[in-house]
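Structural overview
Given next are the chains, with one letter for each unit.
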Amino acid sequence: MDVEKELLQLKERLDAMPGKENKLSMVIFSGDLDKQLGAMIIATGAAAMGMQVRLFFTFWGTAALRDPAKKVGGKNFMGKMFGFMLPKGRNKLKLSQMHMAGLGTAMLKDLMKKKNVSSMDQLFEIAGMLGVQIVICEMSMDLMGMKKEEMIDYPYLTTGGVATFLGDARESAIQLFI
Amino acid sequence: MSDYTVTKVLDCKGLACPMPIVKLSQEMTKLKVGDVVEMLSTDPGSLADVPSWAKATGQAVIENKQEGGVIHFFVKRQK
């Protein structure tokens, strides 16, 4: 078998291999403040390192994308209940530990300010600046009675399902679930 | 060690992770290939982060030194 042909076949196989692109795909499942902070720091850091970043907000994570200033009507009873129970946006998230009825979370936010650690607001702003894409899980939104109209204004915001994530994840060099 | 001239000084003092590399990556796009930026950081994490960032993005850290709690990185745009 001649070398050139073999090389060509090898190249074809390499092109078809998953995980070869300089991309990061991350599922943000948790609605905990600490985990979302970690996720946003990794996302903005990866974008700064030249990676194409796509975040999939699903389940408890979805509520972080609600815009507290937006009100939507037409929700059923369960939708209203979920809307009431879940945090209204990224600034209402709680710590997974030491929340202490709000005291712990407030203390951490104060510490972050003192230590010059970026807030959730700043991280979302940077993410938008760096072109980080956000996909909201359509099924989670539907399940919890949330609507696209009550979500934040973000330059790269779309909705999608599991295939959107998997299609992206299989060609990404890094995949994370938080 | 002064066989290069600094084009721009980028002050990242007081900033915490991930801001130093976010600022650095944004500054890089404003530079021309061959330009050198002097980046100042007080975040000890930068010592590991900046070289790692440079390796991933194909840029070069040509020198780094610490003076009174401030880390100076000299980063050259390679491409």
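Below you will find a few notes about this structure. Please read these numbers as outputs of a predicted model, since none were measured by experiment. (Residues numbered from 1 in each chain as written. Chains lettered and ligands numbered in written order. Predicted model: local features only at pLDDT ≥ 70, side-chain atom pairs only at ≥ 80, totals over all residues. Heavy atoms only, no water.)

1. Some words on the overall build of chain A
Each helix and strand in chain A was counted, giving seven helices and five strands. If you list the helices and strands of chain A from N to C, you get α-β-α-β-α-α-α-β-α-β-α-β. Overall, chain A is about 70 × 45 × 25 Å in size when its C-alpha atoms are taken along their principal axes. Excluding contacts between residues fewer than 6 apart, the proportion of contacts in chain A whose partners are at least 24 apart in sequence is 76%. Positive and negative side-chain charges of chain A, numbering 23 and 19 respectively, have mean locations separated by a distance of 10 Å. (Helix = DSSP H or I, 4+ residues; strand = E, 2+ residues; numbered from the N terminus. Contact = heavy atoms within 4.5 Å. Lys, Arg positive; Asp, Glu negative; His and termini not counted. Charge placed at Lys NZ, Arg CZ, Asp CG, Glu CD.)

2. Some words on the environment of B:Gly69
Residues and elements named next belong to chain B. Within the element layout of this structure, Gly69 appears in the loop between β3 (60–67) and β4 (70–76). By relative accessible area, which is 52% here, Gly69 ends up exposed. Put simply, Gly69 and Thr42 are 27 residues apart on the chain and 6.3 Å apart in space, counted from C-alpha to C-alpha. In contact with Gly69, not counting residues within four places along its chain, are Ser41 and Thr42. (Buried < 20%, exposed > 50% of the residue type's maximum accessible area, 1.4 Å probe, protein only.)

3. A closer look at the layout of surface pockets
Residues and elements named next belong to chain A. Size it by volume and the largest pocket reaches roughly 260 Å³. Taken together, 15 residues make up the lining of the largest pocket; nearest its centre are Gly31, Pro87, Lys92, Leu93 and Lys94. Looking at the lining of the largest pocket residue by residue, the class counts come to seven nonpolar, four polar and four charged. (1 Å grid on protein atoms, 1.4 Å probe; cavity = no way out; pocket = protein on both sides within 12 Å on 5 of 7 lines; lining within 4 Å. Points joined across faces, edges and corners; volume = space filled by probe spheres on them. Nonpolar A, V, L, I, M, F, W, Y, C, P; charged D, E, K, R; others polar.)

4. Describing the sheet that holds β3(B)
Through backbone hydrogen bonds, the strands of a sheet pair up, either in parallel or in antiparallel fashion. All names here are of chain B. Taking strand neighbours across the sheet as the criterion, the four strands line up as β1-β2-β4-β3 in an open arrangement whose pairing is mixed. The open sheet has two edge strands, β1 (6–12) and β3, and neither has a second partner. When the angles between neighbouring strand axes are averaged without regard to direction, this sheet yields 20°. As defined by bridge partners, strand β2 (residues 36–41) adjoins β4 across six bridges and the pair is classed as antiparallel. Looking at β4, one finds that Ser41 is bridged to Ile71. Lying on the sheet, helix α2 (residues 46–57) is in contact with β2, β3 and β4; it crosses β4 at an angle near 5°. (Pairing = 2+ DSSP bridges. Axes fitted to C-alpha atoms, helices over the stretch in contact; angles between N-to-C directions.)

5. Digging into empty space enclosed by the protein
Residue and element names in this part refer to chain B. In total, this model carries one cavity of 30 Å³ or more according to the counting rule given. Its volume calculated, the largest cavity comes out at about 40 Å³. Around the largest cavity sit Cys17, Pro18, Pro20, Ile21, Asp43, Ser46 and Asp49, which together line it. At the level of secondary structure, the elements contributing two or more residues to the lining of the largest cavity comprise α1 (19–30) and α2.

6. Quick notes on the pairing of strand β2 (residues 52–57) of chain A
Remark: a regular strand shows side chains that alternate across the two faces of the sheet. All names here are of chain A. Most of β2 is tucked away, with five of its six residues classed as buried. With six bridges joining them, strand β1 (residues 21–28) and β2 adopt parallel strand pairing. Within β2, the position partnered with Val27 by the bridge is Phe56. Note that the unit made of β1, helix α2 (residues 33–48) and β2 has a crossover that is right-handed. Bridge count for β2 against strand β3 (residues 133–137) is four bridges, and the pairing is parallel. (Right-handed = clockwise from strand over helix to strand, strands pointing away.)

7. Focus on the nonpolar core
Residues and elements named next belong to chain A. Grouped together as the largest cluster of nonpolar side chains are 35 residues, with contacts concentrated most on Val53, Leu55, Phe57, Leu65, Phe124, Ile134 and Tyr154. The set of elements that each furnish at least two residues to this core consists of β1, α2, β2, α5 (120–129) and β3. For this core, the element with the most residues is α2, which contributes seven residues. Once residues lying within four places of it in the same chain are set aside, the contact partners of Leu65 are Phe57, Phe124, Ile134, Ile136, Glu150, Met151 and Ile152. (Core = buried A, V, L, I, M, F, W, Y, C linked by side-chain atoms within 4.5 Å.)

8. Some remarks on the pattern of salt bridges
All names here are of chain A. For the structure shown, the criterion picks out 12 salt bridges over all chains. We note a salt bridge from Asp153 to Lys70, for which the minimum N-O separation is 2.9 Å. Taken together, the positions of Asp153 in the loop between α6 (138–143) and β4 (157–160) and Lys70 in the loop between β2 and α3 (77–85) put the pair 83 residues apart, joining distant regions of the chain. Accessibility expressed as a relative area gives 65% for Asp153, which makes it exposed. Close ionic contact of Asp121 with Arg90 constitutes a salt bridge, the shortest N to O distance being 2.6 Å. (Salt bridge = Lys/Arg side-chain N within 4 Å of Asp/Glu carboxyl O.)

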